[in-house]
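Here is what each chain is made of, one letter per residue.
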Amino acid sequence: MCVNLSLTLMLLFLSGAVCSKRNVTYQQHICAVKGSSVVIPCSFYYPENLQVKKVMWGHERSNIFDGPFIFESEMKETDTRFQYIGDKQHNCSFTIHKVENNDAGKYAFRFMTDDKSKYTGIAGSTLKVVDLNVSMTRPHENKATKEGDSVNLTCINGCDSDHLSSAFTWFKNGEPKNEGPVLYLSNMNPTDSGNYSCSLKTHTGTASRVININVEYGPKNTSVSGRPSKEVEAGTNITLICSSHANPPVDYTWFKIDESHVLDVGHQPELFTADGGRYFCIATNKHGRQYSSVVTVKIKERWPSFNRDVLIITLSVAVLLIVIAAAAVIKLKTRPRAEETNCEEDSESQQRSQGRSKKKRTRAEETNCEEDREDAVYVNMTVMKKQSKGRRQGEGATGSSRQTPTMMRKV
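Residues numbered from 1 in each chain as written. Predicted model: local features only at pLDDT ≥ 70, side-chain atom pairs only at ≥ 80, totals over all residues. Heavy atoms only, no water.

Student: Explain the side chain of Lys54 to me, and be specific about the residues and the numbers.
Tutor: Summarising the element assignment, Lys54 is placed in strand E5 (residues 52-59). You can call Lys54 buried: its relative accessible area is 15%. Looking at Lys54, its side chain comes within polar contact range of the side chain of Glu72, at 2.4 Å. Ignoring anything within four residues of it in the chain, the contact list for Lys54 reads Glu72, Ser73, Glu74, Arg110, Phe111 and Met112. (Helix = DSSP H or I, 4+ residues; strand = E, 2+ residues; numbered from the N terminus. Buried < 20%, exposed > 50% of the residue type's maximum accessible area, 1.4 Å probe, protein only. Polar contact = N/O pair within 3.5 Å; in protein donor to acceptor, adjacent residues only side chain to side chain. Contact = heavy atoms within 4.5 Å.)

Student: Could you give an account of the state of the cysteines, naming the residues involved and the relevant values?
Tutor: Simply put, disulfide is the name for a covalent bond between the sulfur atoms of two cysteines. Across all of its chains, the model carries four disulfides by this definition. Between the sulfur atoms of Cys42 and its disulfide mate Cys92 the distance is 1.7 Å. What sets the handedness of the Cys42 and Cys92 disulfide is the S-S torsion sign, and at about -85 degrees it is left-handed. Taken together, the residues span a long stretch of sequence, with Cys42 in strand E4 (residues 42-45) and Cys92 in the loop between strand E7 (82-84) and strand E8 (94-96) at a distance of 50 residues. With a relative accessible area of 0%, Cys42 lands in the buried category. Covalent S-S linkage joins Cys155 and Cys198, the inter-sulfur distance amounting to 1.8 Å. Given an S-S torsion of about 70 degrees, the disulfide between Cys155 and Cys198 has right-handed geometry. (Disulfide = S-S within 2.5 Å.)

Student: Requested: an account of unusual backbone geometry, with residues and values cited.
Tutor: Between Gly67 and Pro68 the backbone carries a cis peptide bond, its omega angle lying at 10 degrees. Within the fold, Pro68 resides in the loop between E5 and strand E6 (71-72). The amide bond that connects Asn247 to the next residue, Pro248, takes the cis arrangement and shows omega of 5 degrees. Even without being glycine, Lys116 reaches a positive phi, approximately 65 degrees. Checked against the element boundaries, Lys116 lands in the loop between strand E9 (105-113) and strand E10 (118-120). Lys116 gets classed as exposed once you look at its relative accessible area, which sits at 72%.

Student: Tell me about the sheet that holds strand E14 (residues 151-156), and name the residues and values.
Tutor: Strand order in the open sheet formed by three strands is E12-E14-E17, and the pairing between neighbours is antiparallel. Only two strands of the sheet have a single neighbouring strand rather than two, namely strand E12 (133-137) and strand E17 (182-185). Neighbour-to-neighbour, the strand axes of the sheet open up by a mean angle of 15 degrees, direction not taken into account. Direction of pairing for E14 relative to E17: antiparallel, over a ladder of four bridges. From the neighbouring strand, Asn152 faces E17, where its bridge partner is Tyr184. (Pairing = 2+ DSSP bridges. Axes fitted to C-alpha atoms, helices over the stretch in contact; angles between N-to-C directions.)

Student: Tell me about the nonpolar core, and please be specific about residues and values.
Tutor: Grouped burial of nonpolar side chains is what soluble globular proteins tend to show. Judged by nonpolar contacts, the single largest core of 28 residues is most densely connected at Phe44, Trp57, Ile96, Phe109 and Leu127. Here this core takes four residues from E9, the largest share from any one element. Once residues within four sequence positions are removed from consideration, Phe109 is found in contact with Val24, Tyr26, Cys42, Phe44, Val55, Met56, Trp57, Tyr84, Cys92, Tyr119, Thr120 and Gly121. Counting 18 residues, the second largest nonpolar core, distinct from the first, contains Val130, Val151, Phe168 and Ile213. (Core = buried A, V, L, I, M, F, W, Y, C linked by side-chain atoms within 4.5 Å.)

Student: Can you explain the pattern of salt bridges? Please cite residues and give values.
Tutor: Between side chains of opposite charge, a pair can form when the charged atoms approach closely. Evaluated as defined, the whole model comprises eight salt bridges. Between Lys201 and Glu179 there is a salt bridge, with its nearest N and O atoms 3.3 Å apart. Linking Lys201 in the loop between strand E18 (194-200) and strand E19 (211-213) with Glu179 in strand E16 (residues 175-179), this pair joins segments that are 22 residues apart in sequence. What makes Glu179 partly exposed here is its relative accessible area of 46%. In this structure, Glu216 and Lys286 form a salt bridge, with 3.2 Å as the shortest nitrogen-oxygen distance. Placement of the pair is Glu216 in strand E20 (residues 215-227) and Lys286 in the loop between strand E26 (277-285) and strand E27 (288-291), with a sequence separation of 70 residues. Counted as one network, the salt bridges with shared partners bring together Arg81, Glu100 and Asp103. (Salt bridge = Lys/Arg side-chain N within 4 Å of Asp/Glu carboxyl O.)

Student: Outline the sheet that holds E20, listing residues and values.
Tutor: With mixed pairing, the four strands of this open sheet are ordered in space as E13-E20-E22-E25. With one partner strand each, in any of the chains shown, strand E13 (145-146) and strand E25 (270-273) form the two edges of the open sheet. Inspection of the sheet shows strand E22 (residues 238-247) paired to E25 by four bridges, in the antiparallel sense. Across the sheet, Ile238 pairs through a bridge with Thr273, a residue of E25.

Student: Which residues make up the packing of aromatic side chains, and what are the values?
Tutor: Within a pair of aromatic rings, the relevant descriptors are the distance that separates the centres and the angle that separates the planes. A full pass over the atoms with the stated rule returns 15 aromatic pairs. Considering the side-chain rings of Phe44 and Tyr46, the 5.7 Å spacing of their centres and the 25 degrees angle between planes classify their relative orientation as stacked. Take Phe44 and Tyr46: they sit in the same class, and that class is buried. Through successive ring pairs, a cluster of aromatic residues spans Tyr26, Phe44, Tyr46, Trp57, Phe71, Phe82, Tyr84, Phe94, Phe109, Phe111 and Tyr119. (Phe/Tyr/Trp six-rings, centres within 6.5 Å; stacked < 30°, edge-to-face > 60°.)

So, in C-alpha cells, the structure goes:
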C-alpha cells in the first residue's frame with residue numbers, strides 16, 4: 001500500500017512539474033471497503049514565485065468551488081474522520097477513516113496562494129465504497145444444511161480483482177474463528193450452527209454481512225419425566241413431560257400400553273393423567289423420530305393412608321389409657337398404705353381396749369377366785385371344826401366311826 005502510494009505520488013509530481021501553471025493531479029478511481037480507511041493520493045503545482053496559504057477538500061454533494069468543504073486548513077473544527085496528510089508544497093493527499101457508504105462519490109482539491117488567487121482541480125478523484133461479501137457453497141443448494149454436511153464460506157472483497165489478495169479474519173457469533181479467504185466447515189454438527197462473518201485482517205471494522213448457518217438434525221435424547229413424581233395417590237393428577245433435542249422442533253405423540261394394545265393418548269409435550277399404567281412418547285421431525293423409554297405410573301390406594309390414620313388414633317388412645325391406668329395404680333398403691341395405717345391404729349386401739357377389758361376381767365376373776373378361796377377356807381374351817389367336834393362326839397359315842405370332810409362353796 002505504501003509502495004503504491006509513493007509511486008503514485010511520484011508520477012503525479014512529475015506530471016505537474018512539466019507545467020508552470022496551477023494544476024492538481026489525482027488517482028481518479030479509488031475503491032474502499034466499508035469500515036476501512038482509504039487514502040486519496042493527490043499532488044498540486046503552482047508557480048514557484050508564489051506561496052500556498054490555504055488548502056481545502058470538497059465533495060461533489062456540495063459546491064467544490066465555494067464549499068462548504070469537508071476539510072479546510074484554517075477551519076478550527078473538522079470531522080475527525082477526514083484527515084489531511086499532505087502539506088502546502090506539492091502533496092495534497094487526503095485520508096478518510098471508517099469509510100461509510102455515503103462517503104462514495106467525487107472529491108476535489110482546492111488551494112489558495114498568497115496573491116489571493118484560488119484554484120480547484122475539477123477532475124477530482126472518485127471513491128467507490130463496497131461491503132465485504134460472503135458466498136456459501138454446500139451440497140444441497142436449495143435444501144437445509146443437515147448434520148454431517150460440509151459447507152465452504154468465501155469472503156469477497158469487491159475492491160480486489162481476484163477477490164483473494166486481501167487477508168481476512170473469520171468470525172462466529174462475533175468471536176474470531178479462523179483466518180484466510182475461505183472457511184471450510186466439514187462433517188457439521190449442531191454446534192456449528194451460528195452467525196458467520198468476515199473482515200479485513202488489517203481493518204476489524206470492515207465486517208461483512210452475516211451468514212446464518214442452521215444445522216438441522218433429528219430427535220436426540222428423548223425422555224419422559226413426571227411431575228410431581230411417577231407415583232401418586234389415587235385421585236391425584238400427574239403430569240408426564242416428553243422432551244427431546246432436535247432441529248427443527250419435533251411433534252410429540254403419547255402412547256399407553258394397555259395389556260396387548262398400544263393406545264394413542266396425546267399429541268402435546270405434556271400429558272395429564274390420573275390413571276396408572278405404562279406410558280412412552282415419540283418425538284418426530286422431518287429428519288427422523290425417536291422413542292422414549294417406557295415409564296410406569298403407580299397409583300397408591302387410599303386405604304393405606306386410612307389405616308395409618310386409624311393406627312395413629314389407636315396408638316394415641318392406647319397411650320392415653322396406659323397413662324390413666326398408671327395413674328390409677330399409683331393411686332391404689334397409695335390408698336392401701338393409708339388404710340393399713342388406719343387399720344393398725346384401730347387394731348392397736350382394739351388391743352388396748354381388749355387389754356384393758358381383759359385386765360378388768362382378770363382382776364374380777366381374781367377377785368372372785370379370792371372370794372371363792374376365802375369361802376372355801378371358811379367352809380373348810382367350819383367343816384373341820386364340825387368334824388372335830390363330831391369326832392370327839394363319835395369317839396365319845398361310838399369310838400370307831402369317821403366322817404369325811406366335805407368342801408362347800410359359798411354361792
